[in-house]
Amino acid sequence: KYSLHGGYKFVLEQGPYKKSYGKSKEKSITPAFMYKMQDKFDQLDLGLYFHYEPLVIGFWYRGLPVKRYKPGYGNYDAVAVLLGFKQEKFSFGYSYDLTISRLGPTNTAGSHEISLSYVINYYGNDLKKKPKMRRRDMVIPCPKF
């Protein structure tokens, strides 16, 4: 099995610094992709996130609509929408996958997913408060939603 994934965040607006809010609000768009291949089967997932701090809205398409494995069987699977909320240490996300393949919404009602995360060793952007960290104490960055 092989997979390749990536994306890029385009910052649209950093916003003015306001003391009453503590920091500026970011506005960005992030396109992303994930390509998976195993034996003769492959799949391309395409996604797009809109982030207006602290909210995230996303959309994903799963499949390769131009490829058919045999007549009548398209290589498309689902579309997903997501809503998320992120603070410095805490994030919450909800997504819904709607099946568009032959399994269809009449055979599967789609699927719901809820994610909660809390980062323990997070010191924010304030480098003055950040203690000297040992290698084992570092937080490994990962996809947020």
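Heads up: these notes are all about the structure in this document.

What counts and what doesn't
Residues numbered from 1 in each chain as written. Predicted model: local features only at pLDDT ≥ 70, side-chain atom pairs only at ≥ 80, totals over all residues. Heavy atoms only, no water. Patch = residues over 30% accessible without salt bridge, like charges linked within 9 Å, V, L, I, M, F, W, Y side chains within 5 Å. Areas by Shrake-Rupley, 256 points an atom, 1.4 Å probe, with all protein chains shown as cover. Salt bridge = Lys/Arg side-chain N within 4 Å of Asp/Glu carboxyl O. Helix = DSSP H or I, 4+ residues; strand = E, 2+ residues; numbered from the N terminus. Buried < 20%, exposed > 50% of the residue type's maximum accessible area, 1.4 Å probe, protein only. Polar contact = N/O pair within 3.5 Å; in protein donor to acceptor, adjacent residues only side chain to side chain. Contact = heavy atoms within 4.5 Å.

Judged by side-chain polarity, Tyr8, Phe10, Leu12, Phe50, Tyr52, Ile57 and Leu83 come together as a nonpolar surface patch covering roughly 710 Å² of accessible area. Only β2 (10–13) and β4 (41–52) provide two or more residues apiece to the nonpolar patch. Looking at the element boundaries, Tyr8 is found in the loop between β1 (2–7) and β2.

As a further point, take the pattern of salt bridges. Under the counting rule described, the total for this entry stands at four salt bridges. Among the ionic pairs, Lys9 bridges to Glu26, the shortest N-O distance being 3.2 Å. Remark: Glu26 occurs in the loop between β2 and β3 (27–38) and Lys9 occurs in the loop between β1 and β2; sequence separation between them is 17 residues. A salt bridge links Asp45 to Lys36, with the shortest nitrogen-to-oxygen separation between them at 3.3 Å. The class for Asp45 is buried, based on a relative accessible area of 6%.

Once that is clear, we can look at the side chain of Gln43. The residue Gln43 is located in strand β4 in this model. In this structure the side chain of Gln43 is engaged in a polar contact, spanning 2.9 Å, whose partner is the side chain of Asp45. Among all residues touching Gln43, those that are not within four sequence positions of it are Met34, Tyr35, Lys36, Arg62, Gly63 and Leu64.

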